[in-house]
Amino acid sequence: MGMSSLKLLKYVLFFFNLLFWFCGCCILGFGIYLLIHNNFGVLFHNLPSLTLGNALVIVGSIIMVVAFLGCMGSIKENKCLLMSFFVLLLIILLAEVTLAILLFVYEQKLSNYVAEGLNDSIRRYNSDNSTKAAWDSIQSFLQCCGVNNASDWGKAHPSSCPPYPEVQGCYAKAEQWFHSNFLYIGIITICVCVVEVLGMSFALTLNCQIDKTSQVLGL
């Protein structure tokens, strides 16, 4: 692999990370927008920080930091930044695999916890504006009512519940949506993992090539 190949690999890795840096900016910006406007509110009062806005801010920030290291490491041919980029991607990949295993192992416990949290939030609907906003957003988006069915609300249904009879509960509707889109979710997850592995491979290859080029030039 000569100098021309080194330059090609360097710019491929640079533009690859630049694209992801912009994606990270968009995710971060959308997360901040949701935090400011608080459209989705809080559903789980035991975990008040567990909101869509916070999740997007964290994910966007991580993508921006990792992509920045990849950009600077490749364009400057800096081995320290490249190895930091490689290690961070490896940690993220291992964390994703660990999370997937934990979700699979504790699926039933997680389902029970979510159902309990949703039932608890229904009781807070009239006393907490954030919970009200969260439920109204979810019921309008999913066209559902209550956790299991409309009877969870008692006799007085919120205006965000669909007007037609025999409406599904939001928990069942969310599960149905997940199972119907499981293939697409799986494909996206695999693509993300492949992109991370490619990023690590490019970084490691460029790092090794910088060593070889330095030896050839006598540096």
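Residues numbered from 1 in each chain as written. Predicted model: local features only at pLDDT ≥ 70, side-chain atom pairs only at ≥ 80, totals over all residues. Heavy atoms only, no water.

Some thoughts on the overall build of the chain
Per the secondary structure count, the chain includes seven helices and zero strands. A total of 219 residues make up the chain; the buried ones form 31% of that total. Once local pairs closer than 6 in sequence are excluded, the contacts in the chain between residues at least 24 apart make up 67%. Of the roughly 13700 Å² that the chain leaves accessible, carbon and sulfur atoms contribute 70%. (Helix = DSSP H or I, 4+ residues; strand = E, 2+ residues; numbered from the N terminus. Buried < 20%, exposed > 50% of the residue type's maximum accessible area, 1.4 Å probe, protein only. Contact = heavy atoms within 4.5 Å. Areas by Shrake-Rupley, 256 points an atom, 1.4 Å probe, with all protein chains shown as cover.)

Thoughts on a nonpolar patch on the surface
Among the surface-exposed residues, Val97, Ile101, Leu102, Phe104, Val105 and Tyr106 lie close enough to one another that they form a single nonpolar patch of about 630 Å² accessible area. Along the chain, the position of valine 105 falls in helix H3 (residues 79-105). Exposure remark for valine 105: the relative accessible area of 54% places this residue in the exposed category. (Patch = residues over 30% accessible without salt bridge, like charges linked within 9 Å, V, L, I, M, F, W, Y side chains within 5 Å. Salt bridge = Lys/Arg side-chain N within 4 Å of Asp/Glu carboxyl O.)

Considerations on the state of the cysteines
Applying the stated rule across the entire model yields two disulfides. Disulfide pairing places cysteine 144 opposite cysteine 170 at an S-S distance of 2.0 Å. Its S-S torsion of approximately 90° makes the covalent link between cysteine 144 and cysteine 170 right-handed. Taken together, the positions of cysteine 144 in the loop between helix H5 (129-142) and helix H6 (170-180) and cysteine 170 in helix H6 put the pair 26 residues apart, joining distant regions of the chain. (Disulfide = S-S within 2.5 Å.)

Notes on H5
The terminal C-alpha atoms of H5 lie 20 Å apart, and with 14 residues this matches the ideal 20 Å at 1.5 Å per residue to within 8%. Listing the buried residues of H5 in full gives Ser130, Thr131, Ala134, Trp135, Asp136, Gln139 and Leu142. (Expected span 1.5 Å × (residues − 1).)

A few points about the UniProt feature "transmembrane region" (unreviewed entry) in the chain
What UniProt calls "transmembrane region" (unreviewed entry) maps, in this numbering, to residues 12-36, 56-75, 82-106 and 182-206. Helix makes up 100% of residues 12-36 and strand 0%, whereas the separation of the span's terminal C-alpha atoms amounts to 36 Å. Along residues 82-106 one finds 96% helix and 0% strand; the C-alpha atoms at either end are 36 Å apart. (UniProt positions renumbered as here; feature names shortened; annotations may be inferred.)

Some words on helix H2 (residues 52-75)
Spanning 24 residues, H2 covers 34 Å between terminal C-alpha atoms, matching the ideal 34 Å at 1.5 Å per step. Along H2, the residues classified as buried are Gly53, Leu56, Val57, Gly60, Met64, Val66, Ala67, Leu69, Gly70, Cys71, Gly73 and Ser74. With its phi angle positive at about 55°, glutamate 77 sits one or two positions after the end of H2.

Remarks on the environment of glutamate 166
Tracing the chain through its elements places glutamate 166 in the loop between H5 and H6. Sequence separation between glutamate 166 and cysteine 144 is 22 residues, and the spatial gap between their C-alpha atoms is 9.8 Å.

Overview of the packing of H2 against H3
It is at 8 Å that the axes of H2 and H3 come closest, and there the two elements cross at 150°. In terms of their interaxial angle, H2 and H3 are classed as roughly antiparallel. For the pair H2 and H3, the sense of crossing is left-handed. Contacts between H2 and H3 involve Ile62, Val66, Leu69, Gly70, Met72, Gly73 and Ser74 on the former and, on the latter, Leu81, Leu82, Ser84, Phe85, Leu88, Leu89 and Ile92. In terms of residue class, the contact of H2 with H3 is made up of ten nonpolar, four polar and no charged. (Axes fitted to C-alpha atoms, helices over the stretch in contact; angles between N-to-C directions. Parallel < 35°, antiparallel > 145°, perpendicular 65-115°, else oblique. Left-handed = near helix turned anticlockwise from the far one by under 90°. Nonpolar A, V, L, I, M, F, W, Y, C, P; charged D, E, K, R; others polar.)

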